[in-house]
Amino acid sequence: MAITTVPETPRKPGRPPSPYSARPQRTGLGRKVRDNLTGHAFLIGAVLCFVVFSWYPMVRGIVMSFQRTRRGETTWVGWDNYTRLIADPSFWPAWKNTFYFTGLALVLGYAVPFFVAILLNEFRHGKGYLRILVYLPVMLPPASALFLFKFYAYDPSEAGLFNAILKALHLPTSQWMQPPEMTMPAMVVASTWMNMGGAVLIYLASLQNIPGELYEAAELDGAGIWRRIRHVTIPQTRLILALLAMLQIVATMQLFIEPLILANGAGAEDSATSVAYLIYQHGFFQNDLNGAAALGVIMLVVLAGFSAVYVRLTAKQD
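Residues numbered from 1 in each chain as written. Predicted model: local features only at pLDDT ≥ 70, side-chain atom pairs only at ≥ 80, totals over all residues. Heavy atoms only, no water.

Before going further, it helps to examine the packing of helix α6 (residues 127-139) against helix α9 (residues 180-207). Closest axis-to-axis distance for the α6/α9 pair is 6 Å, and the angle between their directions is 135°. By the angle class used here, α6 and α9 are oblique. Between α6 and α9 lies a crossing of left-handed hand. Residue-level inspection shows Arg-131, Val-134, Tyr-135, Pro-137 and Val-138 of α6 in contact with α9, the latter providing Trp-193, Met-194, Asn-195, Met-196, Gly-197, Gly-198, Val-200, Leu-201 and Leu-204. Residue classes in the contact of α6 with α9 are distributed as 10 nonpolar, 3 polar and 1 charged. (Axes fitted to C-alpha atoms, helices over the stretch in contact; angles between N-to-C directions. Helix = DSSP H or I, 4+ residues; strand = E, 2+ residues; numbered from the N terminus. Parallel < 35°, antiparallel > 145°, perpendicular 65-115°, else oblique. Left-handed = near helix turned anticlockwise from the far one by under 90°. Contact = heavy atoms within 4.5 Å. Nonpolar A, V, L, I, M, F, W, Y, C, P; charged D, E, K, R; others polar.)

Structure (structure tokens):
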């Protein structure tokens, strides 16, 4: 049997062979690493920032809470800082004030932004201007906003904004921050006005994702505004409501700048002393950094407990 050979195609003279003809193909792993190299670089930078500015101080604070530093010498004292804090007369009142503020903030500061968002969502014209108006207090520095409330709105004389309104309505004026029973409600009002802009925008974005057919079906069934909110709006936004409720608890438990500016720290009869302000007192006034670290660890544990409850409840809802 004769073997037929195919003649080789002659190469054009003067043209060298391609240097890429013998290059091996890249493996899938090498290509994936090369494609994700930029993303890994950004991720490493973010992780390093968290390690240096967040995780290391947290671990360092936990270690300091079991130590005591005197005249530059550090000794291990175990649970002594915690027992000393629990015996402090200001410890339990500070927690009581903090939980009281958090409860009031959930009633007022959590509900008001939701209903303001529902109201803004009903407007057909001028939504952008109204959003700017609501978000404007968030653009102010917190200290400036609180000083504005302290010297303009909460002025105990008749020149104060709120007292002027009460006088115009022929109602008795108030001293606002002076009576101990008024300290926490007054701080909640100021904090709600100062911080609600961000929550309102989040609620608005969530409300605009609700299909209009649900509201039309509810109107055909004769549902009024409150029934539509109860049976359509709240179920459709429950995940956002749950998330912002958790964020509200975490933020209000760290109450500090409001009593520092509005009540000059402790307030009348220690009615404004919070856990965060007590940490500030231990760390900067009493030079007790170890006690401040121990109090911070206690707050960390409490907030972690709230977060665990939130994760468990949302997991059941899903």
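Right, let's get into the UniProt feature "transmembrane region" (unreviewed entry) in the chain. Per the UniProt entry, the sites bearing "transmembrane region" (unreviewed entry) are residues 37-56, 99-120, 132-153, 184-205, 237-257 and 292-313 in this numbering. Helix makes up 100% of residues 37-56 and strand 0%, whereas the separation of the span's terminal C-alpha atoms amounts to 26 Å. Annotated as residues 292-313, this span is 100% helix and 0% strand, and its ends, taken at the C-alpha atoms, are 32 Å apart. (UniProt positions renumbered as here; feature names shortened; annotations may be inferred.)

Take the pairing of strand β1 (residues 67-70) next. Both β1 and strand β2 (residues 73-76) contribute to a ladder of 4 bridges, which runs antiparallel. What sits directly across from Thr-69, in β2, is Thr-74. Between β1 and β2, which pair antiparallel and follow one another directly, the connecting turn spans 2 residues, one of which, Arg-71, has a positive phi of 55°. (Pairing = 2+ DSSP bridges.)

This next bit is on the environment of Ser-174. Note on placement: Ser-174 falls in the loop between α8 (161-168) and α9. The class of Ser-174 is buried, set by a relative accessible area of 18%. It is 8.8 Å that separates the C-alpha atoms of Ser-174 and Tyr-154, two residues lying 20 residues apart in sequence. The contact partners of Ser-174, leaving out residues within four places of it in the chain, are Pro-156, Asn-163, Leu-166 and Met-182. Separated by 3.0 Å, the side chain of Ser-174 and the backbone nitrogen of Trp-176 make a polar contact. (Buried < 20%, exposed > 50% of the residue type's maximum accessible area, 1.4 Å probe, protein only. Polar contact = N/O pair within 3.5 Å; in protein donor to acceptor, adjacent residues only side chain to side chain.)

By the definition in use, this model includes 23 aromatic pairs. Seen from their ring centres, Phe-91 and Trp-92 are 4.9 Å apart, and the 85° between their planes marks the pair as edge-to-face. By the ring-pair criterion, three or more aromatic residues cluster together here, those being Phe-149, Tyr-154, Phe-162, Trp-176 and Trp-193. (Phe/Tyr/Trp six-rings, centres within 6.5 Å; stacked < 30°, edge-to-face > 60°.)

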